[in-house]
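What follows is the residue order along each chain.
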Amino acid sequence: MDITATLDAPVAPAALFAWVDDLGRYPDWLDIVPRAVAAAPHPDDVGPAWSVDLRGRLGPFARSKRLRMVRTACEPHRHARFERVEHDGRDHSPWVLDAAVEGVDGASRLT
């Protein structure tokens, strides 16, 4: 399932990006991420890692999942991408969180 959302904020792109390049800040502003704490680094990781709880709700149904995510791309003030990266030797479903920030009419848009 792919879900896309946008947010317009009356701040410069750099100020908004500070909230999206660190998964540890997501519980402060994104309901589907109630917990995100730094995880131990692994030699194969391409960026910092977090242990993340994701929670989704569809009508009366809710589901939570804990997984390990790594920042796999970071273009300062513009783009951050986080992907599920487990190091337990098992196959796991992919999870991707991609955040793009752009300047729009003196403000910023997060997609």
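Here, every reference points to the structure presented above.
Here, residues in each chain are numbered from 1, in the same order as that chain's written sequence. Whole-chain, interface and lining totals are the exception, using all residues; otherwise, since this is a predicted model, local features are given only for residues with pLDDT of at least 70 and side-chain atom pairs are given and counted only at 80 or more. Only heavy atoms go into the side-chain values, all of them from the structure, while hydrogens and water stay out.

Draft legend 1. Highlighting the packing of aromatic side chains. Aromatic contacts are taken between Phe, Tyr and Trp rings whose centres are within 6.5 Å, Trp giving its six-membered ring; a plane angle under 30 degrees counts as stacked, one over 60 as edge-to-face, and the others as tilted. Tallying each qualifying case throughout the model produces three aromatic pairs. Taken together, a centroid distance of 4.8 Å and an interplanar angle of 45 degrees make the contact between Tyr 26 and Trp 29 tilted. Look at Trp 50 and Phe 82: their rings are 5.6 Å apart centre to centre, the planes differ by 75 degrees, and that puts the pair in the edge-to-face class. Of this pair, Trp 50 sits in strand E3 (residues 49-58) while Phe 82 sits in strand E5 (residues 79-84), and the two are 32 residues apart along the sequence. The pair Trp 50 / Phe 82 is uniform in exposure class, with both members buried. Here the aromatic cluster, defined as three or more aromatic residues joined through ring pairs, consists of Tyr 26, Trp 29, Trp 50 and Phe 82. Starting at the N terminus, helices and strands are each numbered in turn, a helix being any DSSP run of H or I of at least four residues and a strand any DSSP run of E of at least two. Only protein chains enter the area calculation, which uses a 1.4 Å probe; residues under 20% of their type maximum are buried, those over 50% are exposed, and those in between are partly exposed.

Draft legend 2. Just the nonpolar core, in detail. With 18 residues, the main nonpolar core has Val 20, Leu 23, Tyr 26, Val 52 and Phe 82 as its most contacted residues. Listed by contribution, the elements that provide at least two residues to this core are helix H1 (13-17), E3, strand E4 (61-75), E5 and strand E6 (96-104). Here the element with the most residues in this core is E3; it accounts for three residues. Residues belong to a common nonpolar core when they are buried Ala, Val, Leu, Ile, Met, Phe, Trp, Tyr or Cys residues joined through side-chain atoms within 4.5 Å.

Draft legend 3. Looking closely at unusual backbone geometry. Backbone geometry at His 77 places phi at a positive 70 degrees, although glycine is not the residue there. With a relative accessible area of 42%, His 77 lands in the partly exposed category. Located in the positive-phi region is Asp 105, a residue other than glycine, with phi close to 50 degrees. With respect to the helices and strands, Asp 105 occurs in the loop between E6 and strand E7 (107-110). You can call Asp 105 exposed: its relative accessible area is 81%.

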